[in-house]
Amino acid sequence: QAQHTEKHLKVLDMRRDLEEVDKRMKSENQAILDELAARTNVLKSFKYIDDEEVPLLKAKIARETGSLLISELIVENLLDNLTVAEIAALFSMFVCQFNSRDENFREEEFSDQFLNVLDKMEAILERIYDAERKFGMLVESYDKYKQSNINSLLAHVVHMWALKKDFAEICTQTSAPEGAIVKTIQRLELHLRDVKKAAKVIGNTNLLNKVEDIIPVSYTHLTLPTIYSV
C-alpha cells in the first residue's frame, strides 16, 4: 500500500510539473505573439507595411539597414546635403561602442548643417520611441533608449579620419585608445555596405556615391601599424 501511494504521489508531482511547463510555454508564446503584434503596429504607423501587412517600399530599405531610424533618415533625404566626412561621422554613431567620461561629443567641430540633421535625427528617434512605448514594446526611459541607439563620442574622430587626416594626429585628439578607433572604423565600413544597398533600393545615387567614397578609406588610411582587426 505504501509503495502504491508513493507511486501515486510521483505521478501527481509529474502531472503538476507538466502543467507548470504547459503554463510557462503558453505564457512565453503569448509574450512572443504580443511582441509581434506590437512590432507590426509600429511598422504600420511608420508606413513600412499596409493594413494588410503587405511590405511597402520603406520595408525594402529597412530590410537592408536593419534600423527604422536609419531608414527614416534615408527616406526623408536628410543625408543628401552632408559631406562625405559628415556622413561617415553620422553613421559612426550607430556602431561606436566606446564609452568614457573623459570624452564628449564635440559640437564645435561640425557645421550647422550637420547639427541640424542631428536635431532632426533625434526628433525621428523620439517618434520611434513614442510609437514603441505606445504599443507596449518599451519600459525604459527615453535617455536610456537614446544611449542604446546613438553614441556620438567618436564622431569627431571619424570625421577627421574621413577627411584623411594623419592617423597619429587623430589619436592625439581623443582619449579613446587606438583599438577603439580602429574597431569603430571597421564596424562603420561593414555598416556602410548595408547603407549602400539601401541607397540602391531607393535610387539615391547621391548617397550611394558618397558612401562609396567613404568605404575605400577604411583600407587605405589606417597608417599606423596595428594589431587590431575584426
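I will try to describe carefully the structure that is included in this document. (Residues numbered from 1 in each chain as written. Predicted model: local features only at pLDDT ≥ 70, side-chain atom pairs only at ≥ 80, totals over all residues. Heavy atoms only, no water.)

1. Observations regarding the overall build of the protein chain
Looking only at helices and strands, one finds eleven helices and zero strands in the protein chain. Scored against the burial criterion, the 230 residues of the protein chain give a buried share of 40%. For the protein chain, the proportion of contacts with a sequence separation of at least 24, taken over those separated by at least 6, is 69%. With the model as given, the accessible surface of the protein chain reaches about 13,600 Å², and the carbon-plus-sulfur share is 50%. (Helix = DSSP H or I, 4+ residues; strand = E, 2+ residues; numbered from the N terminus. Buried < 20%, exposed > 50% of the residue type's maximum accessible area, 1.4 Å probe, protein only. Contact = heavy atoms within 4.5 Å. Areas by Shrake-Rupley, 256 points an atom, 1.4 Å probe, with all protein chains shown as cover.)

2. Comments concerning a negative patch on the surface
On the surface, Glu107, Glu108, Asp112 and Asp119 cluster together into a patch of negative charge. Relative to the elements of secondary structure, Glu108 occurs in the loop between helix H4 (84-92) and helix H5 (112-134). (Patch = residues over 30% accessible without salt bridge, like charges linked within 9 Å, V, L, I, M, F, W, Y side chains within 5 Å. Salt bridge = Lys/Arg side-chain N within 4 Å of Asp/Glu carboxyl O. Lys, Arg positive; Asp, Glu negative; His and termini not counted. Charge placed at Lys NZ, Arg CZ, Asp CG, Glu CD.)

3. Side note on H5
With 23 residues, H5 ought to run about 33 Å at 1.5 Å a step, and its terminal C-alpha atoms sit 33 Å apart, in line with that. Of the positions making up H5, those classed as buried are Phe114, Leu115, Val117, Leu118, Met121, Ile124, Leu125, Ile128, Tyr129, Ala131 and Glu132. Of the residues flanking the end of H5, it is Gly136, one or two places downstream, whose phi is positive at about 85°. (Expected span 1.5 Å × (residues − 1).)

4. Some thoughts on the packing of aromatic side chains
For the coordinates displayed, the defined rule picks out five aromatic pairs. Ring centres of Phe105 and Phe110 lie 5.5 Å apart, and the angle between their planes is 15°; this geometry places the pair in the stacked category. Its relative accessible area of 26% is what places Phe105 among the partly exposed residues. Judged by its relative accessible area of 8%, Phe110 is buried. (Phe/Tyr/Trp six-rings, centres within 6.5 Å; stacked < 30°, edge-to-face > 60°.)

5. Points about the pattern of salt bridges
Applying the stated criterion across every chain yields a total of eight salt bridges. Between Glu103 and Arg106 there is a salt bridge, and its shortest N-O distance comes to 3.1 Å. Note on Glu103: relative accessible area 3%, which makes it buried. For Glu189, the salt bridge identified is with Arg193, shortest N-O distance 3.0 Å. Residue Glu189 and its partner Arg193 are located together in helix H9 (residues 178-202), separated by four residues, close to a single helical turn.

6. Side note on the environment of Gly136
The topology assignment puts Gly136 in the loop between H5 and helix H6 (142-149). What makes Gly136 exposed here is its relative accessible area of 59%. Linking Gly136 and Ala37, residues 99 residues apart in sequence, is a C-alpha distance of 9.6 Å.

7. Structural notes on the packing of H4 against helix H7 (residues 155-162)
Across the interface, H4 lies against H7 with an axial gap of 8 Å and an inter-helix angle of 145°. Note on packing geometry: the crossing formed by H4 with H7 is right-handed. Residues Ala85, Glu86, Ala88, Ala89 and Ser92 of H4 touch H7, and the partners they reach there are Ala155, Val158, His159, Trp161 and Ala162. When the residues that make up the contact of H4 with H7 are grouped by side-chain class, the tally is seven nonpolar, two polar and one charged. (Axes fitted to C-alpha atoms, helices over the stretch in contact; angles between N-to-C directions. Left-handed = near helix turned anticlockwise from the far one by under 90°. Nonpolar A, V, L, I, M, F, W, Y, C, P; charged D, E, K, R; others polar.)

8. Describing unusual backbone geometry
A positive phi angle, near 65°, is found at Lys47, a position not held by glycine. Mapped onto the elements, Lys47 comes out in the loop between helix H1 (2-45) and helix H2 (57-65). Despite not being glycine, Lys164 shows a phi value in the positive range, around 65°. Tracing the backbone through its elements, the reader meets Lys164 in the loop between H7 and helix H8 (167-171).

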